Amino acid sequence: MNTVDRIAHPWGTRTPYGRHESWPDRVDTYLTEGIEPGAVEQWVQAASILHSDGDAMDIAVVGGRMVGVRGRAVDRVNRGRLGPKDLFGWQANASADRLRRPLIRMEGRLAECDWDTAMDRVVGHTRELLTERGPGSIGFYTSGQLFLEEYYTLAVLARAGIGTNHLDGNTRLCTSTAAEALKESFGCDGQPGTFDDFDHADVIALFGHNLAETQPVQWMRILDRLEGADPPQVVCVDPRPTQVAARATVHLAPRAGTNVALLNALLHEVIRSGCVDERYIESHTVGFEELAGQVEACTPRWAADICDVPAARICEAAEVIGRARRLTSTVLQGIYQSHQATAAAVQVNNLHLVRGMLGRPGAGVLQMNGQPTAQNTRECGADGDLPGFRNWQNDSHVAELARVWNVEASKIPHYGPPTHAMQMFRYAEQGSLRMLWISGTNPAVSLPELARIRSVLAQERLFVVVQDLFLTETAQLADVVLPAATWGEKTGTFTNADRTVHLSDKAVDAPGEARADLEIFLDYAARMDFRDKDDRPLITWHDAETAFEAWKRCSAGRPCDYTGLTYGRLRGGSGIQWPVNEDAPDGTTRLYTDGITWADPDTCEAYGKDLITGAADDVVEYRSLNPDGKAMIKAAAYLPPHEEPSQEYPFQLTTGRTLYHFHTRTKTARAPQLNAAAPEVWVEISTADADARQLHEGDLVEVSTRRGALRGRLRITAIRPGLLFVPFHYGYWDTPAGHGPDDATPGRAANETTITDWDPASKQPLFKTAAAALTLLERGEGAPAPAPTNTASAPTSAGHVLDTTGGQAAHVVEEAGTARDGRGGSR
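Values in this document were obtained by computation on a predicted structure and should not be read as measured data. (Residues numbered from 1 in each chain as written. Predicted model: local features only at pLDDT ≥ 70, side-chain atom pairs only at ≥ 80, totals over all residues. Heavy atoms only, no water.)

### Observations regarding empty space enclosed by the protein
Link 1 in the chain: By the definition in use, this model includes seven cavities of 30 Å³ or more.
Link 2 in the chain: When its volume is computed, the largest cavity comes out at roughly 380 Å³.
Link 3 in the chain: In this structure, the largest cavity is lined by 28 residues; those nearest its centre are Gly208, Asp238, Gln333, Gly334 and Lys768.
Link 4 in the chain: Residue assignment for the lining of the largest cavity shows that the elements contributing at least two residues are helix H13 (333-336), strand E23 (651-656) and strand E27 (723-727).
Link 5 in the chain: The class makeup of the residues in the lining of the largest cavity is nine nonpolar, 14 polar and five charged.
Link 6 in the chain: For the second largest cavity, the calculated volume is near 240 Å³.
Link 7 in the chain: Along the wall of the second largest cavity there are 24 residues; nearest its centre are Gln145, Gly440, Asp468, Leu469 and Lys667.
Link 8 in the chain: Classifying every residue of the lining of the second largest cavity gives nine nonpolar, 11 polar and four charged. (1 Å grid on protein atoms, 1.4 Å probe; cavity = no way out; pocket = protein on both sides within 12 Å on 5 of 7 lines; lining within 4 Å. Points joined across faces, edges and corners; volume = space filled by probe spheres on them. Helix = DSSP H or I, 4+ residues; strand = E, 2+ residues; numbered from the N terminus. Nonpolar A, V, L, I, M, F, W, Y, C, P; charged D, E, K, R; others polar.)

See below:
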């Protein structure tokens, strides 16, 4: 048993293991100071709500309140380990500033009211708009943090109740490219690989994925492999000096916006050297000849000039990938939020397809998620898809969904693709969308070009409903604010980034009159009196478990089949990977173990798009290209970013995460240990750029673009020259200004500066290629920037060190055990 400060040492102690061995247990436990383990009255099953890993945990309860957490050793995802946000983030639930009663806007100010008053206002406005302007005047913008049962209920009431096409989630900002890339390559969403592939791979390649900070428990897994027998080689593609880069066999730090050029060069080398699986390509793919032709001229020397990466280093990475016996790749925001996002993500899929690296242990690709329930938004149709991964262009799929809901097919909008979030805000700006219901997300900080977003949300003609835990920057602009319960205060399921379904039980009551999101949606549906085609209630379920059973009927026979799951099966043991049905009663570890399953023209989720223009193909084009339903190898030419540095704006600006915060800090800033580790925004610059401008650690600077500006203290790191980095978590709710910058509170949010631009295929905003200028405002007088020193933001000078130790309050008990199988038995 060890006691470790998990702020200063976020990945904890090592439990080394060898290739093909089982990852040993290590149970991490954190209890509020003064609470001994024997005093815990109840341990309630849950899983992490602050990243996409799905770390399984138990919530400690004493006297009806949360007092700590511990990891679940029986779970296949984390084997008992927890990351810093898991260990400390739950404390936000008990914050004194939780919303406890509904609020409505009266005479320009938000005032408390009862639930009937608030819901009457929402329902009255809905009915008025339906009568006067039709369903296209109403939109819903949701989160990546609700539960499956809530997303499904929202999808049904929006698509079949209201009849609107305007439903999307903030997963549009996060991992819509993951879904699009999987559809482009495999005809369907759903991760081909599994976290278990980390145990078997001899090469692990991370493309734009700072795994150490976004999914810290899986980084622990890789660290344990690196310390064990037969460790994997690691390829890292990232412009920042991450912990992944520090342990990489090869680290490539390309210029922002050049991912397609780099990947085309890697493909060029893999094909040139003959490291392709011709039998797999012939049996399971279409499109290889086009790819080979596209990358023929994309030599490492050609890419070196574009990416500003040595050609020899590109060759080295290609050799490692090309010689891998079992290759596991992961992809995240460095690809998804950058220029040519879908095209780049698809090229990672292509590396696996041409090498035949799918469907067996250690050979898999993970187009990762960033949020805990991003996968559920996609499965349930609470984003730009139809529920059950159905194809909006396939009339038989729409008819099947209509039968499940017992409505006419014409009631479900499918005249065009479901509206993506960026377009919804444009409709609101233009005036055709007049009501926007925002649940569990904070677009006034998270969307690009915030001055524009604030002006949209503040329009008198736009009726804004916000459903959240706190009075966020977005809630402060709302007409109605509904207080929501959160994780630990309600029951439901959620699915992590490798298709593992977890059950999270209610541990404590929500504060005041706050209600579960499911309860709010069900109340709204009842008040609206939504009916099916037989004049019976459209929504027939009444709680989380009955909603889950309804979802199972919708998922039946689809790729994300849940029909073999029950709450009983998910309670007490490990999470289980979908599909789970008669053919796979214990779940499915990997997809595509025997060829490509869901790419047939009659069953696929999408017919694909042009990766350059985003133009959608139709069934005739798709059937002519892929009549047998094989994986599609889709080539893409490199194009320069839309906004390049100039004399006025000489830097590229990229935004991203830090280990200690999530999204817009509404939860993590209210956890003392997490907030102390990264209390304020900062700006990263390379040593060479700082020296050239005579800038020093801790100097106060302003970062400006054509959209706006922010201020922060300077951190000098080993980031690539010409690039600035700013974490995107910081907004204004904890400043005097409240919801935006003013004279007293200058710009603090990274998205004051980012561009309103998105990928043509996935419609994901581009947060990583803005052109920026840097101005010194005042000297730091030797004080360091408020940035962690043990992550990618580590300073290059040992003389500038911020104390990141958490003290006694951050000490966590780590207890090593024996390896177990997924249902809790020893193995």
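After that view of the structure, there is still more to cover.
### With respect to the packing of aromatic side chains
Link 1 in the chain: All told, the structure shown has 17 aromatic pairs when counted by the stated rule.
Link 2 in the chain: Considering the side-chain rings of Phe147 and Phe494, the 5.4 Å spacing of their centres and the 20° angle between planes classify their relative orientation as stacked. In this pair, Phe147 sits in the loop between strand E8 (138-142) and helix H3 (148-162) while Phe494 sits in strand E19 (residues 492-495), placing the two residues 347 residues apart along the sequence. Comparing Phe147 with Phe494 shows no difference in burial state: the two are buried.
Link 3 in the chain: Measuring from centroid to centroid gives 6.1 Å for Tyr524 and Phe530, while their planes differ by 70°, and the two rings are edge-to-face.
Link 4 in the chain: Connected via pairs of aromatic rings, a cluster forms that spans Tyr152, Trp541, Phe548, Trp551, Tyr562 and Tyr567.
Link 5 in the chain: Here the basic side chain of Arg670 rests over the ring of Trp733, its NZ or CZ set 3.7 Å away from the ring centre. (Phe/Tyr/Trp six-rings, centres within 6.5 Å; stacked < 30°, edge-to-face > 60°. Buried < 20%, exposed > 50% of the residue type's maximum accessible area, 1.4 Å probe, protein only. Lys NZ or Arg CZ within 6 Å of the ring centre and 35° of its normal.)

### Re the sheet that holds strand E20 (residues 500-504)
Link 1 in the chain: Spatially, three strands are ordered E19-E20-E21 in an open sheet, and the strand pairing comes out antiparallel. The sheet is open, and its two borders are formed by E19 and strand E21 (576-577), each paired with just one other strand.
Link 2 in the chain: Bridge count for E19 against E20 is four bridges, and the pairing is antiparallel. Looking at E20, one finds that Phe494 is bridged to His502. (Pairing = 2+ DSSP bridges.)

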